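Structural characterization, general
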Amino acid sequence: MGNTVAREDFEWVYTDQPHADRRKEILAKHPEIKALMKPDYNLIWVVVLMVLAQLTAFCLVKDLDWKWVVFWAYVFGSCISHSMTLAIHEISHNSAFGNSKAMWNRWFGIFANLPLGLPYSISFKRYHMDHHRYLGGDGIDVDIPTNFEGWFFCTRFRKFIWIVLQPFFYAIRPLCINPKPITRLEIINLLAQLSFDVLIYYLWGVKSVFYMLAGSVLGLGLHPISGHFIAEHYMFLKGHETYSYYGPLNLLTFNVGYHNEHHDFPNIPGKSLPLVKKIAAEYYDNLPQYNSWIKVLYDFVMDDTISPYSRMKRQLKGEVKQD
């Protein structure tokens, strides 16, 4: 249990990310994929229903014993909260209203953020675009763990703790790696969220607020859906940077498991990514893929050759444009 993993640094590579070149190849061979580059208006109604579901839950838990508040926060609230973060991920790509109504997407992201309890949507958008443009970019892509994370979380027990604390690291890491000036929209996101949290406390009390916050923290930590954090880009096979998962949890996560497809075509909504895989099957069928996010979490902890260092990292050259 105390074994130290072999890797002591990131896997530095000196090639560009593979997704841009593969996108060009696929579009040249399958131009019909361009027809999938359009908004998913169903996303709007799904998000509204999810917000209403959480509001109903906030009301229902207000008089429960604390043990049941914790139970439902993990069993139900965590699933909805994690799913909502991936709805926000979709919205960050303008999937709800399209690129021509970018601000509509930003406001809708703030609305989708409300049942999470913590402001997230606007900042996520800014950093997530960097992740796509500069995948693995040193000092830019905040999806890459810090050197401290790689150095310290190097045993099975510590890696387990690292998974539990994932929400904390995703919140703090941008401030350490790539801090950005606060924008007006981020302030609006914060004020809207604080107002909503106060309203929930006023209407239904501390148990509802606890359920809201606990669901978000638990859902992004030690939870089956959280396997996607590690499954997407941690290098279980040398030389492979991005991995897809085609299992049933995609139904709860807006097909974020189709991750090679997503990075190849970030302007195609998650709903249509299975069609991308079907049309361009010759490009995806032979890539490494996962069948279980739970197994990914288990293997990450138990495999002594895998750690937060198991990521490809690039030294960026030329002009870097950030949001």
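Model, not experiment: these values are computed from the prediction.

1. Some points on the overall build of the protein
Each helix and strand in the protein was counted, giving 15 helices and four strands. Since a compact globule built from 323 residues should have a radius of gyration of about 20 Å, the 20 Å found for the protein is in line with a globular shape. The principal-axis extent of the C-alpha atoms belonging to the protein is close to 55 × 50 × 40 Å. In the protein, which comprises 323 residues, the share counted as buried stands at 53%. Taking as baseline every contact in the protein between residues at least 6 positions apart, the subset at least 24 positions apart corresponds to 79%. Accessible area for the protein stands at about 15400 Å²; split by element, carbon and sulfur atoms hold 66% of it. A gap of 3 Å separates the mean positions of the 31 positive and 29 negative side-chain charges of the protein.

2. Examining the packing of helix α2 (residues 42-61) against helix α3 (residues 66-92)
Where α2 meets α3, the closest approach of the two axes is 11 Å, and the angle between their N-to-C directions is 155 degrees. Between α2 and α3, the angle is such that the two are roughly antiparallel. As α2 runs across α3, the sense of the crossing is left-handed. Mapping the contact onto sequence places L43, V47, M50, V51, Q54, A57 and V61 in α2 and V69, F76, G77, I80, S81, S83, M84, A87, E90 and I91 in α3. Among the residues making up the contact of α2 with α3, the classes are represented as 12 nonpolar, four polar and one charged.

3. Section: the UniProt feature "transmembrane region" (unreviewed entry) in the protein
UniProt annotation of "transmembrane region" (unreviewed entry) refers to residues 43-61, 68-87, 107-124, 187-204 and 210-231 when read in the numbering used here. What you have in residues 68-87 is 100% helix and 0% strand, and the ends, taken at the C-alpha atoms, are 27 Å apart. End C-alpha to end C-alpha, residues 210-231 measures 29 Å, and it is 68% helix and 0% strand.

4. Brief notes about the packing of α2 against helix α4 (residues 102-113)
When two helices pack together, their arrangement is given by the angle between the helix axes and by the axis-to-axis distance. Running from N to C, α2 and α4 cross one another at 25 degrees; their axes reach a closest spacing of 9 Å. Classified by the angle their axes make, α2 and α4 are roughly parallel. The element α2 and its partner α4 pack so that their crossing is left-handed. Contacts from L43, I44, V47, V48 and V51 of α2 reach α4 at F108, F111 and A112. Residue classes in the contact of α2 with α4 are distributed as eight nonpolar, no polar and no charged.

5. Notes on unusual backbone geometry
With a phi angle near 60 degrees, N94 is a residue other than glycine that sits in the positive phi range. Note on placement: N94 falls in the loop between α3 and α4.

6. Considerations on the pattern of salt bridges
Inspection of the entire model under this criterion finds 15 salt bridges. When the shortest N-O distance is used, the salt bridge between R22 and D264 registers 2.7 Å. Separated by 242 residues along the polypeptide, R22 in helix α1 (residues 19-29) and D264 in helix α12 (residues 259-264) bring together distant segments of the chain. Here the two residues R22 and D264 agree in accessibility, since each one is buried. Across the salt bridge formed by E282 and K29, the nearest N and O atoms sit 3.1 Å from each other. A residue pair is termed long-range when its members are at least 10 positions apart, and E282 in helix α14 (residues 281-284) and K29 in helix α1 qualify at 253 residues. A single network of salt bridges, built from pairs that share partners, joins D130, R133 and K180.

7. Quick notes on a nonpolar patch on the surface
Side chains of W68, F71, W72, Y74, V75, F76 and L218 sit close together on the surface and give an oily, nonpolar patch of about 610 Å² of accessible area. The element contributing the most residues to the nonpolar patch is α3, with six residues. Note on placement: Y74 falls in helix α3.

8. Regarding the nonpolar core
With 38 residues, the main nonpolar core has V47, M84, W162 and I230 as its most contacted residues. Counting only elements with at least two residues in this core, the list comes to α2, α3, α4, α7 (156-164), α11 (227-233) and α15 (293-302). The residues contacting V47, other than those within four sequence positions of it, are M84, A87, I91, F108, F111 and A112.

9. Some details on α15
Three or four residues apart is the spacing at which side chains of an α-helix point the same way, because the helix has 3.6 residues per turn. Those residues of α15 not exposed but buried are W293, V296, L297, F300 and V301. Relative to the axis of α15, the buried residues are bounded by an arc of 125 degrees and lie together on one face. For α15, the exposed residues set more than 90 degrees away from the buried face come down to I294, K295 and Y298. Residue S292 occupies the N-cap position of α15, its side-chain oxygen lying 3.3 Å from the main-chain nitrogen of I294.

Conventions we followed
Residues numbered from 1 in each chain as written. Predicted model: local features only at pLDDT ≥ 70, side-chain atom pairs only at ≥ 80, totals over all residues. Heavy atoms only, no water. Helix = DSSP H or I, 4+ residues; strand = E, 2+ residues; numbered from the N terminus. Rg over C-alpha atoms; globule rule 2.2 N^0.38 Å. Buried < 20%, exposed > 50% of the residue type's maximum accessible area, 1.4 Å probe, protein only. Contact = heavy atoms within 4.5 Å. Areas by Shrake-Rupley, 256 points an atom, 1.4 Å probe, with all protein chains shown as cover. Lys, Arg positive; Asp, Glu negative; His and termini not counted. Charge placed at Lys NZ, Arg CZ, Asp CG, Glu CD. Axes fitted to C-alpha atoms, helices over the stretch in contact; angles between N-to-C directions. Parallel < 35°, antiparallel > 145°, perpendicular 65-115°, else oblique. Left-handed = near helix turned anticlockwise from the far one by under 90°. Nonpolar A, V, L, I, M, F, W, Y, C, P; charged D, E, K, R; others polar. UniProt positions renumbered as here; feature names shortened; annotations may be inferred. Salt bridge = Lys/Arg side-chain N within 4 Å of Asp/Glu carboxyl O. Patch = residues over 30% accessible without salt bridge, like charges linked within 9 Å, V, L, I, M, F, W, Y side chains within 5 Å. Core = buried A, V, L, I, M, F, W, Y, C linked by side-chain atoms within 4.5 Å. Arc of directions from axis to C-beta. Polar contact = N/O pair within 3.5 Å; in protein donor to acceptor, adjacent residues only side chain to side chain.

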